[in-house]
Amino acid sequence: MKKTFCMTLALLFTLALSACEKTDAPAPAVSGNLPSNTPAVAVPPSDGQQDQPISPTGTSCTFDPALFGGKLQSCAYAGNGTLLVLADKLYLYDTGTSSVLATAEAPLRDFEAQTIDGGYVLSGMGDSGMMAYIYDSSLSLNREIMVDELLQGDFVVSETGGVAASTDGKKLAFAAMGGLYLYDLESGSLTTLLDTAQDAGPASISVSMLNGAAFAQDNSQIVFYGSGSSIPAADGEEDFCIYGSIAVDGSGLKLTKPSGYEMEEIQSSVSRLFFPQTFTHADGTLLWVDRATGGANTLSFSASREGKDGVYSSEQGNYVATAVLGSELTVRVYDVASGALVATEVIENADPTYFNRIPRIYILDGDRTAVVVLGGSIDELDTLVSTFEFGA
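Residues numbered from 1 in each chain as written. Predicted model: local features only at pLDDT ≥ 70, side-chain atom pairs only at ≥ 80, totals over all residues. Heavy atoms only, no water.

> It is not clear to me how the pairing of strand 15 (residues 205-216) should be interpreted in this structure. Could you clarify?
Looking along a regular strand, one sees side chains alternate from face to face of the sheet. Counting buried residues in strand 15 gives 10 out of 12 residues, a clear majority hidden from the surface. Relative to strand 16 (residues 221-230), strand 15 runs antiparallel, the two sharing 10 bridges. Counted as the bridge partner of A216 is Q221 from strand 16. Linkage of strand 15 to strand 16, two consecutive antiparallel strands, is achieved through a turn of four residues, within which Q217 is found at a positive phi near 50°. (Buried < 20%, exposed > 50% of the residue type's maximum accessible area, 1.4 Å probe, protein only. Helix = DSSP H or I, 4+ residues; strand = E, 2+ residues; numbered from the N terminus. Pairing = 2+ DSSP bridges.)

Set out below in structure tokens:
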């Protein structure tokens, strides 16, 4: 998306983010045809001090930005209704009790987080290339890994899915330019599961490069995506998107070429893996893989180009949200199992600059609540945060 620079404005909305209180009565279902207008409120980029949040009717989780210092940049799922919040430092925040459980110095400006037994794995690009940080449940740093140095000549190029963690916290997988690697955290051994220099592959496909990976089927398999070419090579054919799987012992390699589907990233949830398309090829569909069985499925959105402005999976994988940008932001939430549109929410602001950059959307399955962050990656603007509840 095109970035628009402007002076930071005195926003019309000076109240803090609404804290959503628990309610005994279920919230009414939100109609997909009758969106409600939800004004966003600002989280200032200075010291994070603002008025106490107000509690709108019908919301069920709590997100209070007054608890975070500086400019709120992004969040990540941390399990059981908690979020990792990146601001002046890293916060472990409980949305149920509206409390900060732990803090730590932020290792990176932007990162991907994965929940493991007893802690978290954070990964992202640092000054020395791809980095992985392993924390315990209280955000104490246990281990720091320089991934590219470990690979000795190969490189991880994708910040989303380039480093995958097994749920038991014992292994990491690296999807790199030259192959797929398995790293045993206990023994320190590195195994090459897939070498792109080898031309042999199933389904007459050769793997050219890997972009992302995730563990599946109780950590016995690794699902990955990247690019490949035909065997034998076809005249004038360019590399195409592929996805596949391989067992952690290196056996059972499977490759699939999804016809006309250009994958942008891999998003991992507890139950499903999602493969949003690149914005230039988005056609209103979303490929996803069952993390337990490996079965592939497709979710269809309401419009043919929907998905080009962002696709966001929920923590558990039961829901997916899409962003539709214009003079305002429209968020649509879908039930993955049924494919039904369960909510449509419109978020407005007097400054249209916020809608020139895709938002970040986090969905908490248990509370059926979405947290929408706008402007977190734009230094010149205050961060806007809005929450809304969906479903019955």
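> Can you help me understand the environment of Q277 in this one?
Within the fold, Q277 resides in the loop between strand 20 (272-275) and strand 21 (285-290). For Q277 and G307, which are 30 residues apart along the polypeptide, the C-alpha to C-alpha distance reads 7.4 Å. Among residues more than four places away in sequence, those in contact with Q277 are G260, Y261, E262, M263, E264, A282, D283 and T285. Here D283 takes part through its side chain, which lies 2.5 Å from a polar atom of the side chain of Q277. A polar side-chain atom of Q277 sits 3.4 Å from a polar atom in the side chain of T285. (Contact = heavy atoms within 4.5 Å. Polar contact = N/O pair within 3.5 Å; in protein donor to acceptor, adjacent residues only side chain to side chain.)

> How should the sheet that holds strand 20 be read in this particular structure?
The strands making up a sheet are joined through hydrogen bonds of the backbone, oriented either antiparallel or parallel. The strand order across the open sheet formed by four strands is 19-20-21-22, and the pairing between neighbours is antiparallel. Each edge of the open sheet is held by one strand with a lone partner, namely strand 19 (267-268) and strand 22 (296-300). Of the pairings in the sheet, the one linking strand 20 to strand 21 comprises four bridges and is antiparallel in character. Along strand 21, the bridge assignment pairs F275 with L287.

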